[in-house]
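Single-letter residue listing:
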Amino acid sequence: MGVEQAPTAKGKQAAEGLRQAVAKDERKTEVETGHALKKGAARFEERSKSSDGKSAGTKQKS
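Presented here is a report on the structure given in the accompanying data block. (Residues numbered from 1 in each chain as written. Predicted model: local features only at pLDDT ≥ 70, side-chain atom pairs only at ≥ 80, totals over all residues. Heavy atoms only, no water.)

So, the overall build of the chain
Inference 1: Scanning the chain for helices and strands turns up three helices and zero strands.
Inference 2: Mapped in sequence order, the helices and strands of the chain form the string α-α-α.
Inference 3: The proportion of buried residues among the 62 residues of the chain is 10%.
Inference 4: Accessible surface, the chain as shown: approximately 5,100 Å² in total, 56% of it carbon and sulfur. (Helix = DSSP H or I, 4+ residues; strand = E, 2+ residues; numbered from the N terminus. Buried < 20%, exposed > 50% of the residue type's maximum accessible area, 1.4 Å probe, protein only. Areas by Shrake-Rupley, 256 points an atom, 1.4 Å probe, with all protein chains shown as cover.)

Examining the pattern of salt bridges
Inference 1: All told, the structure shown has three salt bridges when counted by the stated rule.
Inference 2: Taking the shortest distance from any N to any O, the salt bridge between glutamate 16 and arginine 19 comes out at 2.6 Å. Of this pair, glutamate 16 and arginine 19 both sit in helix 1 (residues 9–33), three residues apart, which is roughly one turn of that helix.
Inference 3: Judged by relative accessible area, arginine 19 falls into the partly exposed class, the value being 47%. (Salt bridge = Lys/Arg side-chain N within 4 Å of Asp/Glu carboxyl O.)

Considerations on the environment of glutamate 26
Inference 1: Here glutamate 26 lies in helix 1.
Inference 2: Separated by ten residues in sequence, glutamate 26 and alanine 36 have C-alpha atoms that sit 8.6 Å apart.
Inference 3: Leave out the neighbours within four places in its chain, and glutamate 26 touches Leu37, Lys39 and Arg43. (Contact = heavy atoms within 4.5 Å.)

Shown next as structure tokens:
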């Protein structure tokens, strides 16, 4: 859930904290790997392949 869509102040704080934690982790990963992480559909495909070497489309067909 996005920060703007959270129904309560506590929810907004939690969403913002999560967003900041994810951004920090992405920056750390980008520094370790030496390149920027892919975004959007390309990232979905990259993450899907990294788990077991198969693309998301291949997994759905099986």
